[in-house]
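This is what each chain is made of:
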Amino acid sequence: MLATALAYTFGMGLATAALVVWIFVWIVVAVRVLRRTDLGAGGKIVWLLVILLLPVVGLFVYFLWDAARPRAA
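Residues numbered from 1 in each chain as written. Predicted model: local features only at pLDDT ≥ 70, side-chain atom pairs only at ≥ 80, totals over all residues. Heavy atoms only, no water.

Draft legend 1. Representation of the overall build of the chain. Looking only at helices and strands, the chain features 3 helices and 0 strands. Here the chain, with 73 residues, has 16% of them falling under the buried criterion. Carbon and sulfur atoms provide 81% of the accessible area of the chain, an area that totals close to 5,700 Å². (Helix = DSSP H or I, 4+ residues; strand = E, 2+ residues; numbered from the N terminus. Buried < 20%, exposed > 50% of the residue type's maximum accessible area, 1.4 Å probe, protein only. Areas by Shrake-Rupley, 256 points an atom, 1.4 Å probe, with all protein chains shown as cover.)

Draft legend 2. Highlighting the packing of aromatic side chains. All chains considered together, the criterion is met by 1 aromatic pair. Look at W47 and Y62: their rings are 5.2 Å apart centre to centre, the planes differ by 75°, and that puts the pair in the edge-to-face class. Here the residue W47 occupies a position in helix α2 (residues 41-53), and Y62 occupies one in helix α3 (residues 55-68), the gap between them amounting to 15 residues. (Phe/Tyr/Trp six-rings, centres within 6.5 Å; stacked < 30°, edge-to-face > 60°.)

Draft legend 3. Representation of the nonpolar core within the structure. Counting 7 residues, the largest nonpolar core consists of V29, V33, L39, W47, I51, L59 and Y62. Listing elements by their share of this core, those giving two or more residues are α1 (2-35), α2 and α3. With residues near it in sequence (within four places) discarded, W47 still touches V33, L39, G58, V61, Y62 and W65. (Core = buried A, V, L, I, M, F, W, Y, C linked by side-chain atoms within 4.5 Å. Contact = heavy atoms within 4.5 Å.)

Draft legend 4. View of the side chain of K44. Inspection of the secondary structure assignment puts K44 in helix α2. There is no salt bridge for the buried K44, and the closest opposite charge comes from D38, which lies 7.6 Å off by N-O distance. Here K44 is in contact with V33, L34, R36 and L39, once residues within four sequence places are set aside. (Lys, Arg positive; Asp, Glu negative; His and termini not counted. Salt bridge = Lys/Arg side-chain N within 4 Å of Asp/Glu carboxyl O.)

Draft legend 5. Spatial organisation of a nonpolar patch on the surface. A cluster of nonpolar side chains, namely W22, I45, L49, L52, L53, L54, V56, V57, F60, V61 and L64, defines an oily patch on the protein surface of about 1,100 Å² accessible area. Within the element layout of this structure, F60 appears in helix α3. (Patch = residues over 30% accessible without salt bridge, like charges linked within 9 Å, V, L, I, M, F, W, Y side chains within 5 Å.)

Draft legend 6. Up close: the confidence of the model for the chain. Overall, the predicted model of the chain reaches an average pLDDT of 80, with 78% of residues at or above 70. Considering each helix and strand of the chain separately, the mean pLDDT is smallest for α1, with a value of 78, and largest for α2, with 90. (pLDDT = per-residue confidence, 0-100.)

Draft legend 7. Quick peek at the pattern of salt bridges. Enumeration over the complete set of coordinates arrives at 1 salt bridge. A salt bridge links D38 to R36; the nearest nitrogen and oxygen atoms lie 2.5 Å apart. According to the relative accessible area criterion, R36 is buried, its value standing at 5%.

Below is the structure:
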């Protein structure tokens, strides 16, 4: 019984940690989107909706798209 209780607690703790990390990553990306000067208000809203409504795919696509963007010197 103790092993079952410990396994359940570890699983819940792991899920909670994953959720906290996921929320942190989403907030970081949302702030990066909002601080971009090359996007208008519509573009920012679209990106925020994409990363909110399609969490895994949206963040992955944003990171790839942002990495491919040339940096200003």
